[in-house]
Amino acid sequence: EVQLVESGGGLVQAGGSLRLSCEISGFTLDDYSIGWFRQAPGKKREGVSCISSNDASTYYANSVKGRFTISRDNAKNTVGLQMNSLKPEDTATYYCATARSCNWFLLTGEPVAAWGQGTQVTVSS
């Protein structure tokens, strides 16, 4: 069974950093591209980052470009999201998910097949 489990969220002050992790089972990182999307009350779902399954190319939303870094560890079958220079606008529940393609995921923020339970990120001003 395909499963994804997020961890690493928390409460930080503006300008701080967090590292999220996504543990994956049931498939390898060569099978599906993996994206992170976020949801907050009153806001649309936003695809924030994605790493492709074929060549590990990385993709970022303009809102996080230069601040967030996505990476994968093939041996551990995990995907990380390093978040630096956090802003109050980053406050949301963050989910990792399988992606149809990274281009599509960044355009729509839409997962396919599976996603995790989410981890809460709160950035205070």
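Fair warning: this is a prediction, and the values are worked out from it, not measured in the lab. (Residues numbered from 1 in each chain as written. Predicted model: local features only at pLDDT ≥ 70, side-chain atom pairs only at ≥ 80, totals over all residues. Heavy atoms only, no water.)

*Asks:* Could you give an account of the overall build of the chain, naming the residues involved and the relevant values?
*Replies:* Helix and strand counts for the chain come out as 1 helix and 10 strands. Element order for the chain, N to C, with α for helix and β for strand: β-β-β-β-β-β-β-β-β-α-β. Its C-alpha atoms give the chain a radius of gyration of 13 Å, within 12% of the compact-globule value 14 Å for 125 residues. Its C-alpha atoms give the chain principal-axis dimensions of roughly 40 × 25 × 25 Å. Sorting the 125 residues of the chain into buried and exposed places 46% on the buried side. Contacts in the chain between residues at least 24 apart in sequence constitute 60% of all its contacts with a sequence separation of at least 6. (Helix = DSSP H or I, 4+ residues; strand = E, 2+ residues; numbered from the N terminus. Rg over C-alpha atoms; globule rule 2.2 N^0.38 Å. Buried < 20%, exposed > 50% of the residue type's maximum accessible area, 1.4 Å probe, protein only. Contact = heavy atoms within 4.5 Å.)

*Asks:* Now, about unusual backbone geometry: what can you tell me, with residues and values included?
*Replies:* Of note in this structure, A56 is not a glycine but carries a positive phi near 65 degrees. Residue A56 is classed as partly exposed on the basis of its relative accessible area of 27%.

*Asks:* Mind laying out the pattern of salt bridges, listing which residues take part and the relevant values?
*Replies:* Tallied over the entire structure, the rule returns 4 salt bridges. Taking the shortest distance from any N to any O, the salt bridge between D30 and R72 comes out at 3.8 Å. Of this pair, D30 sits in the loop between strand 3 (18–25) and strand 4 (33–39) while R72 sits in strand 7 (residues 68–73); the two residues are 42 residues apart in sequence, bridging distant segments of the chain. The class for D30 is exposed, based on a relative accessible area of 52%. Ionic pairing is found between R38 and D90, a salt bridge with its closest N-O pair at 2.9 Å. Here R38, found in strand 4, pairs with D90, found in the loop between strand 8 (78–83) and strand 9 (92–99); they are 52 residues apart in sequence, far enough to count as distant. Residue class for R38 comes out buried when judged on its relative accessible area of 7%. Accessibility expressed as a relative area gives 2% for D90, which makes it buried. A single salt-bridge network, built from bridges that share partners, covers R38, E46, R67 and D90. (Salt bridge = Lys/Arg side-chain N within 4 Å of Asp/Glu carboxyl O.)

*Asks:* Residue-level account of the sheet that holds strand 3, with values.
*Replies:* Reading across the sheet, the 4 strands line up as 1-3-8-7 and stay open at both edges, with antiparallel pairing between neighbours. Bordering the open sheet on either side are strand 1 (3–7) and strand 7, each of which pairs with just one other strand. Here the average twist between neighbouring strands, direction ignored, is 15 degrees. Alignment of strand 1 against strand 3, held across 5 bridges, turns out to be antiparallel. (Pairing = 2+ DSSP bridges. Axes fitted to C-alpha atoms, helices over the stretch in contact; angles between N-to-C directions.)

*Asks:* Help me get a handle on the environment of R38, residues and values and all.
*Replies:* It is 9.5 Å that separates the C-alpha atoms of R38 and V121, two residues lying 83 residues apart in sequence. If we skip the residues at most four places from it in the chain, R38 touches K44, R45, E46, V48, S63, V64, F68, E89, D90, A92, T93 and Y94. At 2.9 Å, the side chain of R38 forms a polar contact with the side chain of E46. Of the polar contacts made by the side chain of R38, one reaches the side chain of Y94; its length is 2.8 Å. (Polar contact = N/O pair within 3.5 Å; in protein donor to acceptor, adjacent residues only side chain to side chain.)

Everything listed here is a matter of coordinates, which is why it stays silent on function.
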